[in-house]
Amino acid sequence: DKGNHRHFMAKEIHEQPEVVGHTLASLVRFDTDEIELPELPFDFAEIPRLTISACGTAYYAGLVAKYWFERWARLPVEVDIASELRYRDAVLDEGGVSLFISQSGETADTLATLRHCREHGQKIISVVNVTESSIARESDLVLPTLAGPEIGVASTKAFTAQLTVLACLAIAAGKARGVIDEAREKELVGALNEVPRHMATLLRDEVPYEEIGHALSKADDVLYLGRGQNFPLAMEGALKLKEISYIHAEGYAAGELKHGPIALIDEKMPVIVIAPRDGLFDKTVSNMQEVAARGGQIILISDAESGEAGCALDGLLHVPPVDPFVAPLVYAIPIQLIAYHTATLMGTDVDQPRNLAKSVTVE
Ligand code: F6R
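Keep in mind that what you see is a predicted model, and the values were worked out from it rather than measured. (Residues numbered from 1 in each chain as written. Predicted model: local features only at pLDDT ≥ 70, side-chain atom pairs only at ≥ 80, totals over all residues. Heavy atoms only, no water.)

Trainee: Can you help me understand the pairing of strand E4 (residues 123-128) in this one?
Mentor: Looking down a regular strand, the side chains alternate between one sheet face and the other. The buried fraction of E4 amounts to five of the six residues, a majority that puts the element mostly inside the structure. Relative to E4, strand E3 (residues 97-102) is paired through six bridges, and the arrangement is parallel. By the bridge assignment for E4, Val97 is matched with Lys123. In this fold, E3 hands off to helix H5 (residues 108-119), which returns the chain to E4; that crossover is right-handed. By the bridge criterion, four bridges tie E4 to strand E5 (residues 141-144) in an arrangement that is parallel. Bridge pairing in E5 links Ser126 to Val142. (Buried < 20%, exposed > 50% of the residue type's maximum accessible area, 1.4 Å probe, protein only. Helix = DSSP H or I, 4+ residues; strand = E, 2+ residues; numbered from the N terminus. Pairing = 2+ DSSP bridges. Right-handed = clockwise from strand over helix to strand, strands pointing away.)

Trainee: Which parts of the structure should I look at to understand the site of the ligand?
Mentor: Near the ligand you find 14 residues, and of these Ser102, Gln103, Ser104, Thr107 and Glu243 are the closest. In isolation the ligand offers 410 Å² of accessible surface; the protein chains occlude 89% of this area. Going through the elements one at a time, helix H3 (56-73) and helix H10 (231-245) are the ones with two or more residues in the shell around the ligand. Of the residues contributing to the shell around the ligand, the split by class is five nonpolar, seven polar and two charged. (Near = heavy atom within 4 Å. Areas by Shrake-Rupley, 256 points an atom, 1.4 Å probe, with all protein chains shown as cover. Nonpolar A, V, L, I, M, F, W, Y, C, P; charged D, E, K, R; others polar.)

Trainee: What is the right way to read the environment of Ile244 from this model?
Mentor: If you trace the backbone, Ile244 turns up in helix H10. Judged by relative accessible area, which is 0%, Ile244 ranks as buried. Between the C-alpha atoms of Ile244 and Pro353, which are 109 residues apart in sequence, the distance is 5.6 Å. In this structure Ile244 touches Met9, Ala154, Ala339, Tyr340, Ala343, Thr348, Val350 and Pro353, once residues within four positions along its chain are discounted. (Contact = heavy atoms within 4.5 Å.)

Trainee: What should I look at first to understand the packing of helix H8 (residues 182-203) against helix H12 (residues 327-346) in this one?
Mentor: Working note: a packed helix pair is described by the angle between its axes plus the distance between those axes. Contact geometry of H8 with H12 gives a least axis separation of 8 Å together with a crossing angle of 25°. The angle between H8 and H12 places the two elements in the roughly parallel class. Between H8 and H12 lies a crossing of right-handed hand. In contact with Leu192, Val195, His198, Met199, Leu202 and Leu203 of H8, H12 contributes Leu329, Val330, Ile333, Pro334 and Leu337. The residue makeup of the contact of H8 with H12, split by class, is ten nonpolar, one polar and no charged. (Axes fitted to C-alpha atoms, helices over the stretch in contact; angles between N-to-C directions. Parallel < 35°, antiparallel > 145°, perpendicular 65-115°, else oblique. Left-handed = near helix turned anticlockwise from the far one by under 90°.)

Trainee: Even after reading the chapter, I still don't get the pattern of salt bridges, so can you show me in this structure?
Mentor: Where side chains of opposite charge bring their charged atoms close, a pairing between them can arise. Applying the stated rule across the entire model yields 22 salt bridges. Measuring nitrogen to oxygen at the nearest pair gives 3.6 Å for the salt bridge that ties Arg86 to Glu363. Taken together, the residues span a long stretch of sequence, with Arg86 in helix H4 (residues 82-87) and Glu363 in the segment after H12 at a distance of 277 residues. Glu185 is the partner of Lys175 in a salt bridge, and the nearest nitrogen-oxygen pair spans 2.8 Å. A residue pair is termed long-range when its members are at least 10 positions apart, and Lys175 in helix H7 (residues 157-176) and Glu185 in helix H8 qualify at ten residues. Look at Lys175 and you get partly exposed, because its relative accessible area is 32%. One network of salt bridges, with partners in common, ties together Arg49, Glu78, Asp80, Arg88 and Asp93. (Salt bridge = Lys/Arg side-chain N within 4 Å of Asp/Glu carboxyl O.)

Trainee: I'm lost on the side chain of His198 in this one. Help?
Mentor: Counting through the fold element by element, His198 comes out in helix H8. Leave out the neighbours within four places in its chain, and His198 touches Pro320, Pro321, Val322 and Val330.

Trainee: When you look at the packing of aromatic side chains in this model, what are you seeing that I'm missing?
Mentor: By convention here, two paired aromatic rings are described through the distance between centres and the angle between planes. What the rule picks out here adds up to five aromatic pairs. Taken together, the aromatic side chains of Phe42, Phe44 and Phe69 make up a single cluster linked through ring pairs. Sitting over the face of the ring of Trp72, Arg71 holds its NZ or CZ atom 4.0 Å from the ring centroid. The ring of Tyr246 has Arg354 lying over it, and the distance from NZ or CZ to the ring centre is 3.8 Å. (Phe/Tyr/Trp six-rings, centres within 6.5 Å; stacked < 30°, edge-to-face > 60°. Lys NZ or Arg CZ within 6 Å of the ring centre and 35° of its normal.)

The quantities given are spatial measurements derived from coordinates; they are silent on function.
Shown next as structure tokens:
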């Protein structure tokens, strides 16, 4: 049932404040704002590193998590595409921990990689949406995402639910490793608690996204840029756009612009820049100016005002100011809405895009 939405994807995008709220409620004690996880089959204080593996959107959630685990738990993290880890001669130290992320819990490459890691003496934890799935069954510990059934082929609410679980896990790891204290934990959990409200604010007005959708629907190629923990989001934004609008899009780390992709920039090339006003904002602004100097069309997603961009913008998608820790969760909404509105204007089948299946159970 799509409710009063045209597509399942729209319904699922709009469910995110609730889904993130539910998922948080399952991991946070409401009275003390402390993270409360089920008993872990290992001790975060004792592991040398964490190996994360997944496919597609779930892989991008893993990449965001790497920034969180490193920043807040000082835990070395490796993130791999499941089909790569599986066939690579990866070094998996005995007693190490492997984490798998999957909405369906049935993705063939992720499942095979899980088995491969188990055979190499790894403890297995998984973040899954379908708890009666193969990946869930074969894990030592399952941390469920409470997203409810996701029907749209392009993943939306499962992604933000995955980020929610991973953020809580990173906080728990930080506490176990003595990197963050109770006060810091409360602050981070407080920022997470604000996410549903920020998401709801963004979802109240989709007109700006329709306007951007009109501009993008005429483009052949789109470049997405982001830095730090928003770099994986740039890749996720490009993936969403490719999947449902069939427009070619690439996500790049903003700092990589001058190492190649800048050659693509001309008046026909929209460049979408994800740049919250955080410690990296000025760096990204200078990349934006490089794009502007070459005539590229710039669409900025930010809490900054247009005057702070230092160059002319073709569009500004305004996001409420948020704690930088939770920016990937909040900025997921604009990138999903951009893809959705571009695709619906182009008349594609957003819930069932060509050539794609919801659950990829073959290699
Ligand atoms: C993108 C998308 C895919 C999945 C990927 C993994 O919108 O839906 O990239 O994220 O196929 O699927 P799961 O999470 O079921 O393992």
